[in-house]
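Coordinate analysis (summary)
One letter stands for each residue in the lines below.
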Amino acid sequence: MPKRDADSDSLSSDSDQDAPPPPPKKKEKTKEKTKEKTTEKEEKKGSERKSGSGGLEEGAYWLDEKRMRRIQVRSFKGKPLIDIRELYMGPKGPAPGKKGISLSVTEWRELCDLMENIDEEIQKIT
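Residues numbered from 1 in each chain as written. Predicted model: local features only at pLDDT ≥ 70, side-chain atom pairs only at ≥ 80, totals over all residues. Heavy atoms only, no water.

**Structural notes on the overall build of the chain**
- Along its length, the chain carries 4 helices and 4 strands.
- When the helices and strands of the chain are placed in sequence order, the string is α-α-β-β-β-β-α-α.
- Of the contacts formed within the chain by residues at least 6 apart in sequence, a portion of 13% connects residues at least 24 apart.
- Surface exposure of the chain reaches about 11,900 Å², of which carbon and sulfur atoms provide 54%. (Helix = DSSP H or I, 4+ residues; strand = E, 2+ residues; numbered from the N terminus. Contact = heavy atoms within 4.5 Å. Areas by Shrake-Rupley, 256 points an atom, 1.4 Å probe, with all protein chains shown as cover.)

**Quick word on the side chain of Arg 70**
- Examined against the element boundaries, Arg 70 turns out to sit in strand S2 (residues 69-76).
- A polar contact of 2.9 Å, which involves the side chain of Arg 70, links it to the side chain of Asp 83. (Polar contact = N/O pair within 3.5 Å; in protein donor to acceptor, adjacent residues only side chain to side chain.)

**Digging into a nonpolar patch on the surface**
- A cluster of nonpolar side chains, namely Leu 114, Met 115, Ile 118 and Ile 122, defines an oily patch on the protein surface of about 310 Å² accessible area.
- Relative to the helices and strands, Ile 118 resides in helix H4 (residues 115-125).
- Ile 118 sits in the partly exposed class, given a relative accessible area of 34%. (Patch = residues over 30% accessible without salt bridge, like charges linked within 9 Å, V, L, I, M, F, W, Y side chains within 5 Å. Salt bridge = Lys/Arg side-chain N within 4 Å of Asp/Glu carboxyl O. Buried < 20%, exposed > 50% of the residue type's maximum accessible area, 1.4 Å probe, protein only.)

**A look at the environment of Ser 104**
- Mapping Ser 104 onto the fold places it in strand S4 (residues 93-104).
- On the basis of relative accessibility, which here comes to 26%, the residue Ser 104 falls in the partly exposed class.
- For the pair Ser 104 and Lys 79, spaced 25 residues apart in the sequence, the C-alpha separation amounts to 8.1 Å.
- The residues contacting Ser 104, other than those within four sequence positions of it, are Pro 80, Leu 81 and Ile 82.

**Some points on the pattern of salt bridges**
- For the structure shown, the criterion picks out 5 salt bridges.
- Residue Arg 69 pairs with Glu 86 through a salt bridge whose shortest N-O separation is 3.0 Å. Of this pair, Arg 69 sits in strand S2 while Glu 86 sits in strand S3 (residues 79-90), placing them 17 residues apart in sequence.
- Judged by relative accessible area, which is 28%, Arg 69 ranks as partly exposed.
- Judged by its relative accessible area of 26%, Glu 86 falls in the partly exposed class.
- We note a salt bridge from Asp 83 to Arg 85, for which the minimum N-O separation is 3.0 Å.

**Quick notes on unusual backbone geometry**
- At Met 68, a residue that is not glycine, the phi angle is positive and equals roughly 55°.
- Within the element layout of this structure, Met 68 appears in the loop between strand S1 (60-64) and S2.
- Non-glycine residue Lys 77 carries a positive phi angle of around 50°.
- Summarising the element assignment, Lys 77 is placed in the loop between S2 and S3.
- Judged by its relative accessible area of 73%, Lys 77 is exposed.

**So, the sheet that holds S2**
- Taking strand neighbours across the sheet as the criterion, the 4 strands line up as S1-S2-S3-S4 in an open arrangement whose pairing is antiparallel. Looking along the sheet, the strands with just one partner apiece sit at the ends: S1 and S4. Shown here is a sheet whose adjacent strand axes are inclined to one another by a mean of 35°, direction ignored.
- Where S2 meets S3, 8 bridges bridge the pair, whose relative direction is antiparallel. Paired with Val 73 across the two strands is Ile 82, which belongs to S3.
- Contacts from helix H3 (residues 105-113) reach S2, S3 and S4, with the element oriented near 80° to S4. (Pairing = 2+ DSSP bridges. Axes fitted to C-alpha atoms, helices over the stretch in contact; angles between N-to-C directions.)

Rendered as structure tokens:
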């Protein structure tokens, strides 16, 4: 016969050992916490929006309003970016689409330095 541990000789029976443990209970969110989070998000969105700018956020300018293209200076992970992007009409107004590019400040300055060369190339074509 196999030897038994002192722990296995406890008061529980074999039928208790076969049953899986009950799943942990889920925490219930209170309505107040949900409302607080929603209010905080709305306040952040409201402070980021600039009224009277045609639905654009602060630091954003229409590059071509008819075709919904905009350029915006924004911060991502604490670093400034120049975002050139097409927008689409979402349920809450203009929203950024996939088509676009975000340039770092270094890339933006390199692009600005190339403007004269680009203008010359455009003149050759037209």
